[in-house]
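# Working through the structure, step by step
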Amino acid sequence: MKLLVLGIDGGDERIIRGMPMPFLQGLLQTGTRHDVTLDLFSRGWAETFTGHHGHDTGAFYNRPTGDGRFAFTQHFNLDSLRGNAAVKTVWDVLSEQGWRVGVMNVPTTMPAPKVNGFFVSGVGGGSDKSGGNAIPPEACFPAETARLLQERDYVLDIRRGASAIDEMDEFFSRIRHMEERRTDNFAHLGELHKIDFGFVAYMGIARVSYLLMADILRLIERGGRAESDLDRKILAFFAYNDELFKGLSQRLAPQHVLLVSDHGMAPYEHQVNLNVFLQEAGFQQRDESTAGVIKGVGKAIKGMLPKKMRKSIGRKMPSVRDFVAKPEFVLERSAAFGTGYLSGIYLNDPRFGGKTPADADRVVDRIVGAFNSYDPARAAGLSARPYAREFKGCRAHVFLPDIWIDHPETVFFNPTGPFIRGNPQYRPFTSFADVVHDMNSGIKGRKPLLCLTGPVPRVGPLPKENLTAAYGLMLACMAQDPPPKP
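Right, let's walk through the structure included here. Just so you know, these numbers come straight off a predicted model, no measurement behind them. Once a new chain begins, its residue numbering starts again from 1 and follows that chain's sequence as written. In keeping with the predicted nature of the model, local features appear solely for residues at pLDDT of at least 70, side-chain atom pairs appear and are counted solely at 80 or more, and the whole-chain, interface and lining totals rest on all residues. Hydrogen atoms and water are omitted, and side-chain values are computed over all heavy atoms in the structure.

Another point: the nonpolar core. Nonpolar side chains tend to gather and get buried jointly when the protein is soluble and globular. Within the largest apolar cluster, 109 residues are counted, with the highest numbers of intra-cluster contacts made by Leu-24, Trp-91, Phe-197, Leu-212 and Phe-238. A run of H or I in DSSP counts as a helix once it spans at least four residues, and a run of E counts as a strand once it spans at least two, with each numbered from the N terminus. Top contributing element to this core by residue count: helix H9 (residues 204-221), with 10 residues. Ignoring anything within four residues of it in the chain, the contact list for Phe-197 reads Met-1, Leu-3, Val-5, Val-90, Leu-94, Arg-100, Val-101, Gly-102, Met-474 and Met-478. Nine residue types can take part in a nonpolar core, namely buried Ala, Val, Leu, Ile, Met, Phe, Trp, Tyr and Cys, and a core is a set of them joined through side-chain atoms within 4.5 Å. Note on classification: 1.4 Å probe, protein chains only; a residue is buried when its accessible area is under 20% of the maximum for its type, exposed when over 50%, partly exposed between these limits. In what follows, residue pairs with any heavy atoms lying within 4.5 Å of each other are defined as contacts.

Below is the structure:
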């Protein structure tokens, strides 16, 4: 095997070096490391397998639907790339060159494409299949792979909230089982298809880090000294995963290992609501009705319900669903707004049913100037700059915020509440009864892993700002030798 791409969702160097993970630590020590930084708007995995930023693919963590409604979506999958001739996935390129490829669990890759080997899709990107164990037919190529995985107890994904897990022992047990079955099934299929290139992504570390980041960082600060039963469970989990990664590498014996993550991890310390600034600066009118209070309560209740129940309520009580989804400001009387999961401000233009102001650039500049003079923003380390105008002509321009907010990676954007507040969940774990979202005390960090072991390939200049560099590294590794003859 020439190249094994070991993908770790949420893999973070600080955590790897602080946990008992000698195999991964060895890869970082001996490999060639590439320093990249993410904007956490463009999807990291999509950058990796397409070689393009979301500007060219539309692969964003959250974006407007752009159809004249005040609506946002996290949806993205391989169907989203249809008609985009400028983008070719790494497995398509390698399959066409004659390489045998095997891909498993890379997020946002439904439906499974036809490749010269095997493909098992990963969920994510707004998929409603997250949290389930069933393997949908569209997740596998060749088709018989689904039956084989079912027989071998493959687990598609586990998300704590969607799976309604409420005991820590069950949480760790099920995550460990998912990772163990992924490792065994990938190795088995890799041997069966005699692959030259393999790309497998693991989700467990991200699931644990989102939930327990405060506890993990405290443990690292103590030099890995356990002081509680939870500390011991955390250490055992990371050690177990490291052994899985080591065993997979030994079993497939690749010439190269590319260690990559879609993002790092950061402590989730603060929430920011940009709409408060916009209201105070006169660019937005707040909804002063008591409905705003009710909607806030509705959103809080909705967030605590299992995903399946939330969907059921939405289908059976659409009026409640629509009411809770409405913004807490008067859209038709607002020039701009912020949303959740996205560090930007949008003008209320035709994308959302509004009108483009004749002096749109001037409005943007006024908002940027007001924000950069706003004392609460300056105190929090936040600053604004024009954004969409910098990328005119890009394929996904309609989805771009007009203004970007640079911010510490410990901040998450939420369209409710005060301008800034501490995250009440950022504290040592006590009980699942206190957990509201899967992102509990941890959020995505800007520094992903990108480290290549083995002979250094000849490769031209790589982009340094994001994970599109991984695409070039993968192709360069495979190009060192000609593909095997059919």
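Moving on from the coordinates now.
Okay, the packing of aromatic side chains next. For Phe, Tyr and Trp, where Trp contributes only its six-membered ring, two rings pair if their centres lie within 6.5 Å, and the inter-plane angle classes them as stacked under 30 degrees, edge-to-face over 60, or tilted in between. Throughout the structure, instances matching the rule amount to 32 aromatic pairs. For the ring pair Phe-337 and Tyr-346, a centre distance of 6.1 Å and an interplane angle of 20° mean the geometry is stacked. Given a relative accessible area of 0%, Phe-337 falls into the buried group. When its relative accessible area of 0% is taken as the criterion, Tyr-346 is described as buried.

Glancing now at the sheet that holds strand S17 (residues 420-422). Pairing between two strands requires that DSSP report at least two bridges joining them. One open sheet holds the 3 strands; their spatial order is S16-S11-S17, and the pairing between them is mixed. The open sheet is flanked by strand S16 (411-413) and S17, the only strands paired with a single partner. Direction aside, the axes of adjacent strands within the sheet are offset by 30° on average. Inspection of the sheet shows strand S11 (residues 270-272) paired to S17 by 3 bridges, in the antiparallel sense. Along S17, the bridge assignment pairs Gln-271 with Arg-421. With axes taken as lines fitted to C-alpha atoms, and helix axes fitted only over the stretch in contact, angles between N-to-C directions fall between 0 and 180 degrees.

Moving on: the sheet that holds strand S6 (residues 117-120). In any sheet, the strands associate via hydrogen bonds between backbone groups, in a parallel or an antiparallel arrangement. Ordered in space as S2-S19-S9-S1-S8-S5-S6-S7, the 8 strands form an open sheet in which the pairing is mixed. Edge positions in the sheet fall to strand S2 (32-33) and strand S7 (140-141), since each has one partner strand and no second. Note: strand S9 (residues 256-260) against strand S19 (residues 450-453), 4 bridges, orientation antiparallel. Directly across from Val-260, in S19, lies its bridge partner Leu-450. Each of strand S5 (101-104), S6 and strand S8 (197-202) touches helix H5 (residues 90-97); the most contacted strand, S5, lies at about 160° to it.

In this description, the term disulfide denotes a pair of cysteine sulfurs within 2.5 Å. One pass over the full model with this rule turns up 0 disulfides. Here Cys-451 is not disulfide-linked; the sulfur of Cys-477 is the nearest cysteine sulfur, at 11 Å. For Cys-451, a relative accessible area of 1% gives the class buried.

It is worth spelling out unusual backbone geometry at this point. Of note, the bond from Met-110 into Pro-111 is cis; its omega dihedral lies within 30 degrees of zero at -15°. By the element assignment, Pro-111 lies in the loop between S5 and S6. The peptide bond linking Phe-141 to Pro-142 adopts the cis configuration, its omega dihedral lying at -10°. Tracing the chain through its elements places Pro-142 in the loop between S7 and helix H6 (145-151).

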